[in-house]
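Reading the structure
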Amino acid sequence: EGEQPLADRRALVTAGPTHEPIDPVRYLANRSSGTQGYAIARALAAAGADVTLVSGPTTLPDPPGVHTLRVETARAMLAACQQALPCDIAVCAAAVADWHVAEAPQKIKKAAGQPPPALHLVPNPDILATLSQPAPTRPRLVVGFAAETEHVVEHATAKRLRKGCDWIVANDVSPESGIMGGAENEIDLIDATGCTHWPRLDKMQVAQRLVARIAAFFNSPHVD
Ligand code: C5P
């Protein structure tokens, strides 16, 4: 404990967006920067954990002391996560695309006089829900995120139950909050006993505080 409260613990973190190809040269994406997930990976490593970061495409450098695996699609992210099991802690901070495109094998061409092509979307696997399912390899603590624009705590509480994870870090991503893509975050942490509001903090401070909560969970007397 003390300096390295998570020594000998294995942790998995997902971060960043996913890119879902439309054809060989185009993709669907989102504006996730990966900042919060990378900060959590770094803070877990600083607490002594053996950390695997499964990252979608970002402009961020690999965090020092973290095994970083770069993937493109949600399907590849799930496969990389399953390769990283077993682990004690999973934190799903990635902004995973809900759908992938039934992909065209060749570049889609404009054709004069033709209507624009329709994209056929197919559901992606839910990585958080998959990792949360009861299984011998289920991480002891699975943490998800909920990005909401209204009724944050209510929606996040429902999401915790729907996904089957242990904790949800809920934040307000309405444009006026300035959180998505910004340097700061203001969250509610939801567990089985209720919800705690944290003040607005730098994303690295949110990560450190979350990791302190994780360390307290693993080092409390009723957890071996
Ligand atoms: O369902 P929603 O996208 O709001 O849930 C957000 C949480 O679920 C985040 O923790 C995100 O990383 C995770 N998630 C996932 N795989 C998906 C969709 C969301 O791991 N396909």
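Conventions used here
Residues numbered from 1 in each chain as written. Predicted model: local features only at pLDDT ≥ 70, side-chain atom pairs only at ≥ 80, totals over all residues. Heavy atoms only, no water. Buried < 20%, exposed > 50% of the residue type's maximum accessible area, 1.4 Å probe, protein only. Helix = DSSP H or I, 4+ residues; strand = E, 2+ residues; numbered from the N terminus. Pairing = 2+ DSSP bridges. Right-handed = clockwise from strand over helix to strand, strands pointing away. UniProt positions renumbered as here; feature names shortened; annotations may be inferred. Contact = heavy atoms within 4.5 Å. Salt bridge = Lys/Arg side-chain N within 4 Å of Asp/Glu carboxyl O. Expected span 1.5 Å × (residues − 1). Axes fitted to C-alpha atoms, helices over the stretch in contact; angles between N-to-C directions.

**Describing the pairing of strand β10 (residues 167–172)**
Burial analysis of β10 places 5 of its 6 residues in the buried class, the great majority of the element. With 6 bridges joining them, strand β9 (residues 141–148) and β10 adopt parallel strand pairing. Bridged to F145 within β10 is V169. For the crossover that starts at β9, traverses helix α4 (residues 152–163) and ends in the parallel β10, the hand is right-handed.

**Some points on the UniProt feature "binding site: CTP" (unreviewed entry) in the chain**
Cross-referencing UniProt, the feature "binding site: CTP" (unreviewed entry) maps to D98, K107, P125, D126, I127, L128, F145, K159 and K163 in the present numbering. These residues run over 66 residues, and the two farthest C-alpha atoms among them are 37.8 Å apart, placing them at more than one spot. As for its position among the elements, D126 is in the loop between β8 (121–123) and α3 (127–132). In this fold, K163 is placed in helix α4. Dropping the residues within four chain positions of it, K163 is found in contact with D126, L128, A129 and S132.

**Thoughts on the pattern of salt bridges**
Inspection of the entire model under this criterion finds 10 salt bridges. Close ionic contact of E20 with R75 constitutes a salt bridge, the shortest N to O distance being 3.9 Å. Separated by 55 residues along the polypeptide, E20 in strand β2 (residues 20–23) and R75 in helix α2 (residues 74–84) bring together distant segments of the chain. Look at E20 and you get buried, because its relative accessible area is 0%.

**Thoughts on helix α5 (residues 203–219)**
Its 17 residues give α5 an end-to-end C-alpha distance of 24 Å, which sits within 8% of 24 Å, the value for a rise of 1.5 Å per residue. Every buried residue of α5 is accounted for by K203, V206, A207, L210, V211, I214, A215 and F218.

**Looking at the sheet that holds strand β4 (residues 50–55)**
Across the sheet, which stays open at both edges, the 8 strands sit in the order β5-β4-β1-β6-β9-β10-β12-β13 with mixed pairing between neighbours. Looking at strand neighbours, the two that pair on one side only are β5 (67–70) and β13 (194–197), the edges of this open sheet. Along the sheet, successive strands turn relative to each other by an average axial angle of 15 degrees, direction set aside. Both strand β1 (residues 10–15) and β4 contribute to a ladder of 6 bridges, which runs parallel. Note on β4: the bridge partner recorded for A15 is S55. Against the sheet, α2 touches β1, β4 and β5, its axis set at about 175 degrees to β1. Strands β6 (89–92), β9, β10, β12 (187–191) and β13 of the sheet are contacted by α5, whose axis makes an angle of about 165 degrees with β10.

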